[in-house]
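# Per-entry structural report
Each chain is listed here by its residues.
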Amino acid sequence: MISVERPLAILSALAEEQVGLVEQLHGAQRQTHAGREFWSGTLQGLPVVLALSRIGKVAAATTTAALIAHFQAGAIVFTGVAGGVGRRVQVGDVVVGTGYVQHDMDASPLFPRYEIPLTGQSVIQADATLARALVFAAVVGLQGMQHAGRPATVHQGLIASGDRFVNGADETHAIVSGLQSRGYEALAVEMEGAAVAQVCHDYGVPFAAVRTISDRADDSAHVDFPVFVREVASVYAQRIVAELLRTLAV
Ligand code: SAH
């Protein structure tokens, strides 16, 4: 079960992905740690800490370690955007990560491609309870929401992270087919999830992520990115987080 005694951390990469949440915080307290801002308080009566990971795996790992070791986070939820690479995963859909892999991890031939050295693991699983709660929160919270005339569809599956903004059809194909050759079917690519998952796994802290699909990781991936994050993804994130907290509070 998810502890509600220790704060639930809500983590995003970019400030635009988390707009609205800090404003809703009760008893908000700002602290700076490791050059980052952390906001503690309560949302719907539950203790939370809000943070921005910044972009990329190392930045996300640093923020995650601080959330756990310094802010005593009892569980971590990531909300943000990602590129859709699963066949049916379209812009405006939502992906809940049930597993996380680093698509740029390659210590072969010393270790198998994708394996995190010395762990024997390539995919780190989300906390099953938290992932289920996020799927439920997304389905309920996004009821009636549409993007470009298409209702928001909620998917669940593998998220692939790497230190690269993927914006080319060839690059996407290389990532997806490389993972497929090892039996992994990625639904989305982004730049933080697998790093957060690895740190949470090491500390034994439950983790799951929900990502709104901002692009198809193809040649038009950069188009209207900021507008989409502001007008669609941040709204979805607020609705999903509100619903998640309602579920956890009961
Ligand atoms: N253009 C943006 C930078 C975005 S970096 C800016 O100027 O602020 C992309 C962020 O969105 C990362 O946090 C990453 O996790 C996510 N993301 C969205 N689409 C992505 C894609 N196609 N490839 C990799 N990361 C993506």
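Owing to the predicted nature of the structure, the values given are computational and were not obtained by experimental measurement.

The rules behind the values
Numbering of residues starts from 1 in each chain and follows the order in which that chain's sequence is written. Reporting of local features is limited, given that this is a predicted model, to residues whose pLDDT is at least 70; pairs of side-chain atoms are given and counted only at 80 or more, and all residues count toward the totals for whole chains, interfaces and linings. As a convention, hydrogens and water are excluded, and side-chain values are obtained from all of the structure's heavy atoms. Take a side-chain nitrogen of Lys or Arg and a carboxyl oxygen of Asp or Glu: if they are within 4 Å of each other, that pair is a salt bridge. Secondary structure is summarised from DSSP: a helix means a run of H or I of at least four residues, a strand means a run of E of at least two, and numbering begins at the N terminus for each. Each residue is assigned to one of three classes by its accessible area relative to the maximum for its type, calculated with a 1.4 Å probe on protein chains only: buried under 20%, partly exposed between the two thresholds, exposed over 50%. Note on definitions. A residue lies near a molecule or strand when any single heavy atom of the residue is within 4 Å of it. Polar contacts, as counted here, are pairs of nitrogen or oxygen atoms within 3.5 Å of one another; within protein the pair requires one atom able to donate a hydrogen and one able to accept it, and residues that are adjacent in sequence qualify only if both atoms are side-chain atoms. To measure how exposed things are, a 1.4 Å probe is used in the Shrake-Rupley method; for residues, cover is taken only from the protein chains shown. In this count, Pro and Cys sit with the nonpolar residues alongside Ala, Val, Leu, Ile, Met, Phe, Trp and Tyr, while Asp, Glu, Lys and Arg are called charged and the others, Gly among them, polar. Throughout this description, the term nonpolar core refers to a set of buried Ala, Val, Leu, Ile, Met, Phe, Trp, Tyr and Cys residues connected via side-chain atoms within 4.5 Å. Whether two residues are in contact is decided by their heavy atoms, any of which lying within 4.5 Å being enough. The pairing criterion is simple: DSSP has to find at least two bridges between the two strands. A helix's residues, less one, multiplied by 1.5 Å, set its expected span. Aromatic rings from Phe, Tyr and Trp, with only the six-membered ring used for Trp, were paired whenever their centres fell within 6.5 Å, and each pair was classed as stacked if the ring planes differed by under 30 degrees, edge-to-face if by over 60, and tilted otherwise.

## Side note on the pattern of salt bridges
Inspection of the entire model under this criterion finds eight salt bridges. Of the charged contacts in the structure, one is a salt bridge between Glu-37 and Arg-30, with a shortest N-O distance of 2.9 Å. Across the pair Arg-211 and Glu-192 runs a salt bridge, and its minimum N-O distance is 2.8 Å. On the criterion of sequence distance, the pair formed by Arg-211 in strand 12 (residues 207-215) and Glu-192 in the loop between strand 11 (186-190) and helix 5 (193-203) is long-range, its members being 19 residues apart. With respect to burial, Arg-211 and Glu-192 carry one shared label: buried. A cluster of three or more residues bridged by salt bridges with shared partners is formed by Glu-190, Glu-192 and Arg-211.

## Some details on the site of the ligand
Surrounding the ligand, one finds 17 residues, the nearest of these being Val-166, Met-191, Glu-192, Arg-211 and Asp-215. A distance of 3.2 Å is found between an oxygen atom of the ligand and a side-chain nitrogen or oxygen belonging to Arg-211. Burial of the ligand by the protein chains amounts to 78% of its free accessible area of 570 Å². Contributions of two or more residues to the shell around the ligand are made by strand 5 (75-84), strand 11 and strand 12. Across the shell around the ligand, the residue classes break down as ten nonpolar, two polar and five charged.

## Comments concerning the nonpolar core
Of all hydrophobic cores here, the largest spans 70 residues; its most connected members are Leu-8, Leu-67, Ile-76, Tyr-100 and Phe-207. Look past the residues within four positions of Ile-76 in its chain and what remains in contact with it is Ala-9, Leu-11, Thr-64, Leu-67, Ile-68, Leu-130, Val-196, Cys-200, Val-205, Pro-206, Phe-207 and Ala-208. Grouped together as the second largest cluster of nonpolar side chains are 13 residues, Tyr-114, Val-123, Ala-160 and Ile-175 included.

## So, the pairing of strand 10 (residues 154-161)
It is a general feature of regular strands that their side chains alternate between the two faces of the sheet. Most of strand 10 is tucked away: six of the eight residues are buried. As judged from the eight bridges shared by strand 6 (residues 94-102) and strand 10, these two strands associate in the parallel manner. The residue of strand 10 that forms the bridge with Val-96 is Gln-156. Taken together, the four bridges between strand 10 and strand 11 define a ladder with parallel strand orientation. Looking across to strand 11, one finds that Ser-161 is bridged to Glu-190.

## Structural notes on helix 3 (residues 128-141)
Spanning 14 residues, helix 3 covers 19 Å between terminal C-alpha atoms, matching the ideal 20 Å at 1.5 Å per step. Buried residues of helix 3: Leu-130, Ala-131, Ala-133, Leu-134, Val-135, Ala-137, Ala-138 and Gly-141, and no others. Those residues of helix 3 that are buried are in contact with strand 5, strand 6, strand 10, strand 12 and helix 6 (225-249). In this structure Asp-127 caps helix 3, since a side-chain oxygen of it lies 3.3 Å from the backbone nitrogen of Thr-129.

## Let's talk about the packing of aromatic side chains
Going through the model one piece at a time under the given rule, you end up with four aromatic pairs. With 4.4 Å between their ring centres and 25° between their planes, Phe-38 and Phe-71 make a pair best called stacked. Taken together, the residues span a long stretch of sequence, with Phe-38 in strand 3 (residues 36-43) and Phe-71 in the loop between helix 2 (57-69) and strand 5 at a distance of 33 residues. A relative accessible area of 0% places Phe-38 in the buried class. Consider the rings of Phe-165 and Phe-225, whose centres lie 5.9 Å apart with planes at 90°: the pair is edge-to-face. Taken as a pair, Phe-165 in the loop between strand 10 and helix 4 (169-180) and Phe-225 in helix 6 lie far apart in primary sequence, 60 residues in all.

## Description of the pairing of strand 2 (residues 26-33)
Burial runs low along strand 2: only zero of the eight residues are buried. In this structure, the hairpin formed by strand 2 and strand 3 is closed by a connection of two residues, where Ala-34 is found at a positive phi of approximately 55°.

## What to know about unusual backbone geometry
With an omega of 5°, the peptide bond running from Ser-108 to Pro-109 counts as cis. As for its placement among the helices and strands, Pro-109 is situated in the loop between strand 6 and strand 7 (123-125). A positive phi angle, near 55°, is found at Gln-72, a position not held by glycine. Tracing the backbone shows Gln-72 in the loop between helix 2 and strand 5.

Scope: geometric values only; no functional claims are made or implied.
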